[in-house]
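Structure at a glance
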Amino acid sequence: MTAAAHQGAPVRPRVAVLGAGAWGSAMALVLADAGADVRLWARRPELAARIGRDPLRPQNPDYLPGVVLPPTVSATADVGVALDGVELVVLAVPLQRLREQLTGWAGRIPAVPVVSLAKGVETATGRFATEVVLEASGVPEDRVVALSGPNLAAEIAARDPAATVLACVDEDVAHRVADLCTTPVFRPYLSTDRIGVDIAGACKNVVALAVGITEGAGHGANARAAILTRGLAETTRLGLALGANESTFAGLAGVGDLVATCASPLSRNHRAGIALGRGASTAEALLAARGTAEGVASAPAVLARARAAGVRMPITVEVVALVEGRTTAAEGAERLLSRTRTLDGP
Ligand SMILES: NC(=O)C1=CN([C@@H]2O[C@H](COP(=O)(O)OP(=O)(O)OC[C@H]3O[C@@H](n4cnc5c(N)ncnc54)[C@H](OP(=O)(O)O)[C@@H]3O)[C@@H](O)[C@H]2O)C=CC1
Ligand SMILES: O=C(CO)COP(=O)(O)O
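All figures in this text were calculated on a predicted structure; none of them were measured in a lab.

**Things to note about the pairing of strand β8 (residues 186-191)**
Pairing of strand β7 (residues 162-167) with β8 involves 6 bridges; the strand directions are parallel. Residue pairing across strands places threonine 164 opposite proline 188, the latter belonging to β8.

**Focus on the UniProt feature "binding site: sn-glycerol 3-phosphate" (unreviewed entry) in the protein chain**
Under the local residue numbering, the UniProt record ascribes the feature "binding site: sn-glycerol 3-phosphate" (unreviewed entry) to Lys119, Gly149, Lys204, Asp257, Ser267, Arg268 and Asn269. The subset of these annotated residues that lines the largest pocket comprises Lys119, Gly149, Lys204, Asp257, Ser267, Arg268 and Asn269. Turning to its location among the elements, lysine 204 is positioned in helix α9 (residues 194-216). Overall, lysine 204 belongs to the buried group, its relative accessible area being 7%. With near-sequence residues (within four places) excluded, lysine 204 lies in contact with Lys119, Asp257, Leu258 and Thr261.

**So, the pattern of salt bridges**
Counted by the stated rule, this structure contains 16 salt bridges. Here arginine 44 ties to glutamate 46 by a salt bridge, and the two come within 4.0 Å at their closest N and O atoms. What makes arginine 44 partly exposed here is its relative accessible area of 27%. Glutamate 131 is paired through a salt bridge with arginine 305; the nearest N and O atoms lie 2.8 Å apart. Remark: arginine 305 occurs in helix α15 (residues 294-308) and glutamate 131 occurs in helix α6 (residues 129-137); sequence separation between them is 174 residues. Exposure remark for glutamate 131: the relative accessible area of 15% places this residue in the buried category. Through salt bridges with shared partners, a single network forms among Arg44, Glu46, Arg50 and Asp62.

**A look at the layout of surface pockets**
Taken as a whole, the largest pocket spans an internal volume of roughly 1,300 Å³. In terms of lining, the largest pocket is formed by 49 residues, of which the most central are Gly21, Ala22, Trp23, Arg268 and Thr292. Put simply, the parts of the chain that give the lining of the largest pocket at least two residues each are α2 (22-33), α5 (95-104), β6 (144-148), α7 (153-157), α9, α12 (252-263), α13 (268-277) and α15. Residue classes in the lining of the largest pocket are distributed as 24 nonpolar, 14 polar and 11 charged. What the second largest pocket holds in volume is close to 700 Å³. If you trace the second largest pocket, you find 31 residues lining it, with Ile227, Ile315, Ala333, Leu336 and Leu337 closest to the centre. Residue assignment for the lining of the second largest pocket shows that the elements contributing at least two residues are α9, α10 (221-241), α16 (314-323) and α17 (329-337). Class assignment of the residues belonging to the lining of the second largest pocket gives a composition of 16 nonpolar, 7 polar and 8 charged.

**Notes on the environment of serine 191**
Positionally, serine 191 belongs in strand β8. Classification of serine 191 by relative accessible area gives buried; the value is 14%. Spatially, the C-alpha atom of serine 191 lies 36 Å from that of proline 45, the residues being 146 residues apart in sequence. Ignoring sequence-local partners within four residues, the contact set of serine 191 consists of Val165, Leu166, Ala167, Cys168 and Val197. A polar atom in the side chain of serine 191 sits 2.8 Å from the backbone nitrogen of aspartate 193.

**Re the nonpolar core**
Formed by 47 residues in total, the largest nonpolar core has its most connected members in Phe128, Ile199, Leu238, Val302, Met313 and Val319. For this core, the element with the highest residue contribution is α9, accounting for 13 residues. When residues of this core are assigned to domains, at least three fall in each of domain 1 (3-192) and domain 2 (202-337). Apart from residues no more than four positions distant in its own chain, valine 319 is found in contact with Val206, Leu209, Ala210, Ile213 and Ala299. With 43 residues, the next largest nonpolar core counts Ala26, Ala28, Ile156 and Cys168 among its residues.

**Section: the site of ligand 1**
With respect to spatial proximity, 22 residues lie near ligand 1, and among them Tyr63, Arg97, Ala153, Thr292 and Glu294 are the closest. For ligand 1, an oxygen atom lies 2.9 Å from a polar atom in the side chain of arginine 268. Within the side chain of glutamate 294, a nitrogen or oxygen atom sits 2.5 Å from an oxygen atom of ligand 1. More than half of the atoms of ligand 1 fall within 2 Å of the grid points belonging to the largest pocket. For the shell around ligand 1, the secondary structure elements donating two or more residues are α2 and α5.

Criteria and cut-off values
Residues numbered from 1 in each chain as written. Chains lettered and ligands numbered in written order. Predicted model: local features only at pLDDT ≥ 70, side-chain atom pairs only at ≥ 80, totals over all residues. Heavy atoms only, no water. Pairing = 2+ DSSP bridges. Helix = DSSP H or I, 4+ residues; strand = E, 2+ residues; numbered from the N terminus. UniProt positions renumbered as here; feature names shortened; annotations may be inferred. 1 Å grid on protein atoms, 1.4 Å probe; cavity = no way out; pocket = protein on both sides within 12 Å on 5 of 7 lines; lining within 4 Å. Buried < 20%, exposed > 50% of the residue type's maximum accessible area, 1.4 Å probe, protein only. Contact = heavy atoms within 4.5 Å. Salt bridge = Lys/Arg side-chain N within 4 Å of Asp/Glu carboxyl O. Points joined across faces, edges and corners; volume = space filled by probe spheres on them. Nonpolar A, V, L, I, M, F, W, Y, C, P; charged D, E, K, R; others polar. Polar contact = N/O pair within 3.5 Å; in protein donor to acceptor, adjacent residues only side chain to side chain. Core = buried A, V, L, I, M, F, W, Y, C linked by side-chain atoms within 4.5 Å. Domains from an automatic or database assignment. Near = heavy atom within 4 Å. Sits in = over half its atoms within 2 Å of the grid points.

Right, here's the structure in full:
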């Protein structure tokens, strides 16, 4: 027994956050505020060193400039150190890099709940985030949790109030994770629709690109609302075809995240979309995003998955054509407006 436990001091749970970008660092802050000792893994040793330079005031200037993390967050570039003795693992690696990281960590992830933060579709396989986690880590489905919702990292790091969804086929596991990350300003809701939450998160980045494109092309609030709403309709259609619950798309991970991402200048996908709408190339738009804009790589994979399932996603079709340099924003808008009349709803 430790000296602290002898003296009756509460033992803080230990958790690992693997990935020290904006979202991993912001979630490290949430988990520490909720009472955990957090090991934040950075892939670059120099970033781990920079985060921990003043251990009483850890900071990640690369991704959350100006934010002082709680002193119960420590950074390391050694994944073994990060994972030692933890009761929760949080994966905060961008989706296109997730499989290679998980493969490298094979056999090292302890038998605890594993939370996936990524929002996207793997280009090579068409797999959504928790599908990649299941395949690449071997962690059983009843321990894999998708966390998604309107959660712009900079606002979370500023301790502005937010809500999120924790989805796991085993609701008790989602409850356990919620116990570890609930704070006075961060409120998780629970779901058992893991795949629905994943689909909602991946597709909202594509819709955020489309809304940004509309904005960058100079169109107003009516056009943006139409793209957001019809983007949600096609996302819901894909979700239903892939076995998700319709209610997920009306919830925080669906419409909630769309509203936040499509309205906020903090969203990297939104910023990339605005650049594309103004005529920038995809490479220029990715620079304008200033961070990971998952929608750009994910859009073709979403479309491939939709086509395989026989689902129409006309907005995604136009985003893909623009990202691949095969059309302009104006031509895309014209095609969307002249489509055969259809019913409203998914
Ligand atoms: N930021 C946000 O507001 C939110 C993000 N998300 C999702 O979270 C996920 C992570 O995004 P976020 O933290 O914002 O990303 P950032 O752009 O802030 O950070 C990128 C992270 O990816 C790492 N990285 C880059 N290349 C590789 C590689 N080859 N292998 C492993 N790691 C690599 C970077 O490490 P290094 O510094 O060493 O290059 C860094 O930790 C995304 O799927 C995103 O959609 C979800 C909700 C909110
Ligand atoms: O997912 C997010 C907010 O919920 C972050 O959006 P971006 O990746 O577009 O910045």
